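# Per-entry structural report
If you want the building blocks of each chain, they are given just below.
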Amino acid sequence: MERIEKTDEEWKAILTPDQYVITRKKGTEPPFSGAYWNLHEKGTYVCVCCGAVIFSSKEKFDSGSGWPSFWATVKDAPIATKLDSSFGMERTEVLCARCDAHLGHLFSDGPPPTGMRYCINSAALNFIAEEE
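So, a few notes on the structure that sits alongside this text. (Residues numbered from 1 in each chain as written. Predicted model: local features only at pLDDT ≥ 70, side-chain atom pairs only at ≥ 80, totals over all residues. Heavy atoms only, no water.)

### What about the sheet that holds strand E2 (residues 53-56)?
A sheet is described by the order of its strands in space; here three strands give the open sequence E2-E1-E9, paired in antiparallel fashion. Where the open sheet ends on each side, the last strands, each with one partner, are E2 and strand E9 (125-129). Recorded for the sheet is a direction-independent mean angle of 30° between the axes of neighbouring strands. The pairing of strand E1 (residues 43-47) with E2 spans three bridges and is antiparallel. Bridging from a neighbouring strand, Tyr45 pairs with Phe55 of E2. (Pairing = 2+ DSSP bridges. Helix = DSSP H or I, 4+ residues; strand = E, 2+ residues; numbered from the N terminus. Axes fitted to C-alpha atoms, helices over the stretch in contact; angles between N-to-C directions.)

What follows is the structure, encoded as structure tokens:
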């Protein structure tokens, strides 16, 4: 896997202000505000920073949380996780392992078959619709 590294100025030049704050500064968009929380089209979700394929609509589900939620990543997705102790909580942060973009958090309250919920910021993703 080829690593993608850029300076803050390079990231700012290619990302919108919201994308930059969320992916590079570990921000979070308000619930029910992102472009993909209620998207039901078939396709693939890629990292907004580097284009790595992370999720498929096949694993997307409505968690009621207001953020796009997935019960699994695509096979061989470049995902890293780490402990996030911010805001007095202990959560598992989800990162793109290719470019270190903050994507969201991982919880163990998802549906079968994995029981996991990748709770992801829409601003951290781009959606590529499946061609019919």
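Here the narrative resumes.
### So, the sheet that holds strand E5 (residues 79-84)
The sheet built from six strands is open, its strands ordered E3-E4-E8-E7-E6-E5 with antiparallel pairing. With partners counted over all chains shown, the strands left at the sheet margins are strand E3 (60-61) and E5, one partner each. Pairing of strand E7 (residues 102-107) with strand E8 (residues 117-120) involves four bridges; the strand directions are antiparallel. Each bridged residue has a counterpart across the sheet, and for His105 the counterpart in E8 is Cys119.

This is a description of form; function is not addressed.
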